[in-house]
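Observations on the three-dimensional arrangement
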Amino acid sequence: MIVLAREVFLCKCPTAVDAPARDGSPDGEASDLRFVRGDPSHLGLLDPAHHGDEHVHDFRGRLARGETWLLGLRAGRVATYTWLHDRDTCAYPYLPGCVFDLPADTAFGYDAWTPPELRGGGLRRRAFLEELRLLADRGKKWEASFFVAHQLEGARRSLGLVGITIVPVWRAALGRDRRLSLTPLGEPCGITPRVG
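My aim in this report is to walk through the structure given alongside it, one point at a time. Nothing here was measured: the structure is a model prediction, and the numbers come from that model.

1. A few points about the layout of surface pockets
When its volume is computed, the largest pocket comes out at roughly 940 Å³. As for the largest pocket, its lining consists of 34 residues, of which Ala112, Trp113, Arg124, Phe147 and Gln151 are closest to the centre. Sort the elements by how many residues they give to the lining of the largest pocket and strand β7 (residues 106-113) lands first, with six residues. In terms of residue class, the lining of the largest pocket is made up of 18 nonpolar, 10 polar and six charged.

Quick look at the structure:
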């Protein structure tokens with residue numbers, strides 16, 4: 001789920017990844033995941049302890065808009081999920097004005113979630129590889145995602161274990177004056193702030 005933060009990094013990850021062989025993966029706990037494209041019939045699998053009626057309503061709307069709900073299932077239970085879309089913009093809703101235009105070769109991944117009791121076993125790494133494969137099959141070269149500042153380095157180390165490279169391209173931060181500052185990082189990549 002999206003985390004409320006005052007500083008985030010918009011990053012891109014190449015969809016061309018040389019993933020390790022399963023027997024060489026650090027994610028033994030993730031080996032029994034089955035990935036499916038979620039549809040309204042899967043909404044009933046959401047644990048009501050973590051997903052109330054407002055979540056279900058929101059997820060129905062996302063599905064109706066054609067967004068992709070990538071579900072990692074284990075023993076008939078939701079073990080992890082991610083949302084993906086290939087619209088031409090992405091946003092971090094908790095920082096007003098933090099909206100970016102995306103090039104045609106880039107999709108947006110957001111709202112990744114794993115139940116608290118299953119975190120730390122490599123499920124998100126395995127799911128991230130799956131979403132990159134799915135996007136590559138759709139002809140996308142990049143997945144853009146927001147990473148909260150204090151989680152970025154840990155994510156780079158963790159995802160790097162399976163060959164995923166995280167490239168920060170923009171820093172967005174809310175100052176004490178409540179103004180949003182956007183700072184480009186590295187080379188121009190076609191991801192630009194939306195003006196207006």
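2. A word on the sheet that holds strand β2 (residues 34-37)
The strands making up a sheet associate through hydrogen bonds between their backbones, and the pairing can be parallel or antiparallel. Strand order in the open sheet formed by eight strands is β2-β3-β4-β7-β8-β1-β9-β10, and the pairing between neighbours is mixed. Both outer strands of the open sheet, β2 and β10 (180-184), are each paired with one neighbouring strand and no more. Averaged over all pairs of adjacent strands, the angle between their axes in this sheet comes to 25°, without regard to strand direction. Judged from the four bridges that link them, β2 and strand β3 (residues 68-74) form a sheet pairing that is antiparallel. Each bridged residue has a counterpart across the sheet, and for Arg34 the counterpart in β3 is Leu73. Packing against the sheet, helix α1 (residues 53-64) makes contact with β3, β4 (77-85) and β7, and its axis sits at approximately 50° to β4. Along the sheet, helix α2 (residues 123-137) contacts β1 (7-14), β2, β3, β4, β7 and β8 (142-148); its crossing angle with β4, the most-contacted strand, is approximately 40°.

3. Observations concerning the packing of aromatic side chains
Evaluated as defined, the whole model comprises 12 aromatic pairs. Ring geometry for Phe108 against Tyr110: centres 5.5 Å apart, planes inclined by 10°, an arrangement best described as stacked. Residue Phe108 is classed as buried on the basis of its relative accessible area, which comes to 4%. When its relative accessible area of 14% is taken as the criterion, Tyr110 is described as buried.

4. Quick word on the environment of Leu33
Relative to the helices and strands, Leu33 resides in the loop between β1 and β2. For the pair Leu33 and Ser145, spaced 112 residues apart in the sequence, the C-alpha separation amounts to 23 Å. Ignoring anything within four residues of it in the chain, the contact list for Leu33 reads Gly72, Leu73, Arg74, Ala79, Thr80, Leu123 and Arg126.

5. Considering the sheet that holds strand β11 (residues 192-193)
Here we have three strands laid out as an open sheet, ordered β5-β6-β11, and antiparallel in their pairing. The sheet is open, and its two edges are formed by β5 (89-91) and β11, each paired on a single side. Sheet analysis places β5 next to strand β6 (residues 99-101), joined by three bridges and oriented antiparallel. Bridged to Ala91 within β6 is Val99.

6. Some remarks on the environment of Val169
Mapped onto the elements, Val169 comes out in strand β9 (residues 167-174). Assessed through its relative accessible area of 4%, Val169 is described here as buried. The spatial distance from the C-alpha of Val169 to the C-alpha of Ala144 is 9.4 Å, given a sequence separation of 25 residues. If we skip the residues at most four places from it in the chain, Val169 touches Leu10, Cys11, Lys12, Thr183, Pro184, Leu185, Cys189 and Ile191.

Calculation criteria
Residues numbered from 1 in each chain as written. Predicted model: local features only at pLDDT ≥ 70, side-chain atom pairs only at ≥ 80, totals over all residues. Heavy atoms only, no water. 1 Å grid on protein atoms, 1.4 Å probe; cavity = no way out; pocket = protein on both sides within 12 Å on 5 of 7 lines; lining within 4 Å. Points joined across faces, edges and corners; volume = space filled by probe spheres on them. Helix = DSSP H or I, 4+ residues; strand = E, 2+ residues; numbered from the N terminus. Nonpolar A, V, L, I, M, F, W, Y, C, P; charged D, E, K, R; others polar. Pairing = 2+ DSSP bridges. Axes fitted to C-alpha atoms, helices over the stretch in contact; angles between N-to-C directions. Contact = heavy atoms within 4.5 Å. Phe/Tyr/Trp six-rings, centres within 6.5 Å; stacked < 30°, edge-to-face > 60°. Buried < 20%, exposed > 50% of the residue type's maximum accessible area, 1.4 Å probe, protein only.

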